[in-house]
Each structure stands twice: as structure tokens, then as C-alpha cells.
Amino acid sequence: MTTRKKAARRDKPDYSKEWWEDPESARLSSRAGWDEFCRAPQAKPPTMPSAKEYGSWDDDRRRRFDEERVMWHSEFAFVPHAQVTRIRNRLQTAMLVNRGRFNTGAGVAVTGPTHVGKTTLIRLAARAAQQKAFADPGLRRNENLLPVVHIECPVSGAPKPLVAALANFVGAPWGGHLERKSFDSIQKCLFDSLQGCDPQLIVIDEISRLRGDSHGREAAAFLREITTTFQRSTILVAGIDLDKKGPFHGDDGEQNRARFATLRLSPFQFGVEADHKAWADIVEKMEISLRLFKHRRGDLAQHSDYLLSRCHGRIGDLSRLVKECALAAVNDESERITRKRLAE
């Protein structure tokens, strides 16, 4: 009697390593990771003891407190400014309009150069929308509640992985094997699933990665289709210089440009008085957040103009620099951010 060999099990492939550049992007492009991000309590700054009290603690207690300070500085709070407030208000207005009876399916596109805070802004705005939805008793009764869909565009720049990533987030049963499925079949499965969960906000970050060849036309068509099909959902996208690349560029992107309100985040400009004032305010708020024993208020703020030039007016570069200096000051026990350290 011959026995038939049992077919090897073919598991669904894990695309997270090839689709995204870092683990955090992969995590926040999954529903479980996104929900965890939204549920995480807001970080609270540790209460600083006096230097004398700190010195009286045993080594273990000081180590634990220093770990708290490292964690706090590692998750440096985002400091809002006028550009951010304008974009938040525009997004909230679009969401209210789209949930009304006479919705238009208006979308919001956030663009600008690198390191001006686009990703941080849209993540925080989307998290606030999800938290607000789950705080509503009427909405919570919906077992299929999925107020926010959030992904980062896969690095390949092809539209099929983008649609598959959205389908994975909403749990659409598209099959999981990208090479065996057509773009149209995955899109249909995604749209069928979205009909059942009626999200308020669909977020696609780094959409400028989408290529400008024939794939770009397919991507532009997909964005038009999802915007017109789900008019109660606000589509929020972000990317670098969307007027020059992605699904808003050229003749193929004309309808998308008309349907989306494009809002630009720009670097602060050296020599512009209003930008100097706004930048100084951001630096001052960052300084207040520092938890360093020898740092005095004004030590950082006095270098505001230098930081504006050093960081080229980019809020992301400023945040990264101050964060790195604060962590170094805790680690080497200097407990202060100086001009010399800022210049390192």
C-alpha cells in the first residue's frame, strides 16, 4: 500500500521586513500595533528631587530614576505650533463635513520637505481621532468599530503592496500571497471589508513613495476610487513634495488635487521675525520638559537662533538634537546641555 505524502503547509508570507524600513513603521501599519499605540498612556515627566536628595539615594534607586529620565527624554513630547494647529483644524473640519448628510469625500494631504514633522503630526491626529471614537458610548456599541485605518506606504512604491497593506490592517481575507493575486482582486476584497467597518479616517503616510510610471497611474486611480467610494471616510495622506511626485502629480493626479486640501509644513526661516519668535517658543517649551539636575531655564533658549541655523528650521532635526543631547547628559552625568554639546 502506497502512502501519499502530506503536502507541505504554505503559510502566508510575512511582508513586514520587505515592505517597511523599520520595525516601528511595520508595527503601526498593523491593527494590533496601531491599537496598542492608541491605548498607551501619555508619558509623564518624572518629578525631579533636589540634587542633595538624589545624592542620598542608594545606587539602585538612582539607577531606576535615571532609567525613568532616559525613557522620558527618549519619548520627547511633540511641541505644536501654528502650522500644526492649522492642519489639525483643517482635518477636523474635513472629518465633520464627511460624516454629515451632504458629504463630499474631501481629503487632506500634508506635504513638505523631510524632517518638518509630517509623520508625527498625522500619527498624533489619527490617534486623537481613534481615542475620541472609543470614548463615544454610541460608537463603542458597534462590535466592528474601526475608526482609524493607518498604514505607511510600503517602500517598493508599487500600488499592489499598498492595497494589500490596507487589506491586512482591516483584516480583509485577500489570501495573503501577493504574487498570486491581482491588484483588482485585492482592492475588491479591501473595499468589501471597509464597507462593514465604516472608518472615520483612513491614513496613508509616505504616499510620495508611489512611483510615477504606469504604477503611478494605477495608484492615482486607486486614490480616486477609495475617496469617491468611501465619502464618509476622510482620507489623510502625507508625503514629501506631493506637488512633484506621487498620486497628485501630473495629469493623472489632477482629480486628486481637486478633491484634496493640500496643506504644507515648511521649515522655519532664518531672518523672518515671526518664524524666529515661533521657533524660540518651541525651544523654550522643549527646555521646560528637560529633566537634568544642572540645567537651568534659559541655558537652551539662549541658543535659539543658533539652533534655528543648525537645524535649518526643521522641527524634526531640533527634536532629535535636543533628545540626543539630553540622553548624553544623563549618561555621562554632566546633567546639562551646553553650546559645545549642541555643536558636537
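Note that the coordinates shown come from a computational prediction; the quantities given were computed from them, not determined experimentally. (Residues numbered from 1 in each chain as written. Predicted model: local features only at pLDDT ≥ 70, side-chain atom pairs only at ≥ 80, totals over all residues. Heavy atoms only, no water.)

### Some thoughts on the packing of helix α13 (residues 273-289) against helix α15 (residues 315-331)
The geometry of a pair of packed helices is captured by two quantities: the angle between their axes and the separation between those axes.
Working step 1: Between α13 and α15, the shortest axis-to-axis distance is 11 Å and the interhelical angle comes to 30 degrees. One finds that α13 runs roughly parallel with respect to α15. Crossing hand, α13 versus α15: right-handed. Together, Trp279, Ile282, Val283 and Met286 of α13 and Ile315, Leu318, Ser319 and Val322 of α15 make up the contact between the two elements.
Working step 2: Across the contact of α13 with α15, the residue classes break down as seven nonpolar, one polar and no charged. (Axes fitted to C-alpha atoms, helices over the stretch in contact; angles between N-to-C directions. Helix = DSSP H or I, 4+ residues; strand = E, 2+ residues; numbered from the N terminus. Parallel < 35°, antiparallel > 145°, perpendicular 65-115°, else oblique. Left-handed = near helix turned anticlockwise from the far one by under 90°. Contact = heavy atoms within 4.5 Å. Nonpolar A, V, L, I, M, F, W, Y, C, P; charged D, E, K, R; others polar.)

### Side note on the pairing of strand β4 (residues 234-240)
Working step 1: Most of β4 sits inside the fold, with six of its seven residues counted as buried.
Working step 2: Here strand β1 (residues 107-112) pairs with β4 via five bridges, running parallel. Bridging across to β4, Val108 finds its partner in Leu236.
Working step 3: Both strand β3 (residues 201-205) and β4 contribute to a ladder of four bridges, which runs parallel. Bridging across to β4, Leu201 finds its partner in Thr234. (Buried < 20%, exposed > 50% of the residue type's maximum accessible area, 1.4 Å probe, protein only. Pairing = 2+ DSSP bridges.)

### Things to note about the nonpolar core
Working step 1: Ranked by internal contacts, the top residues of the largest apolar core, which has 65 residues, are Val110, Leu190, Leu194, Leu201, Phe222, Ile226 and Val237.
Working step 2: Setting aside residues up to four positions removed in sequence, Leu201 forms contacts with Leu91, Met95, Ala126, Ala129, Pro147, Val148, Val149, Thr234 and Leu236.
Working step 3: With 23 residues, the next largest nonpolar core counts Phe76, Cys311, Leu321 and Cys325 among its residues. (Core = buried A, V, L, I, M, F, W, Y, C linked by side-chain atoms within 4.5 Å.)

### Let's talk about the pattern of salt bridges
Working step 1: Taken as a whole and judged by the stated rule, the model has 20 salt bridges.
Working step 2: Note that Arg27 and Glu24 form a salt bridge whose closest N and O atoms lie 3.0 Å from each other. Here the residue Arg27 and the residue Glu24 both occupy positions in helix α2 (residues 23-28), the gap between them amounting to three residues, near one helical turn.
Working step 3: Given a relative accessible area of 27%, Arg27 falls into the partly exposed group.
Working step 4: The salt bridge partner of Arg336 is Asp299, with a shortest N-O separation of 3.1 Å. Pair noted here: Arg336 is in the loop between α15 and α16 (339-343) and Asp299 is in the loop between α13 and α14 (304-310), with a separation of 37 residues, a long-range link. (Salt bridge = Lys/Arg side-chain N within 4 Å of Asp/Glu carboxyl O.)

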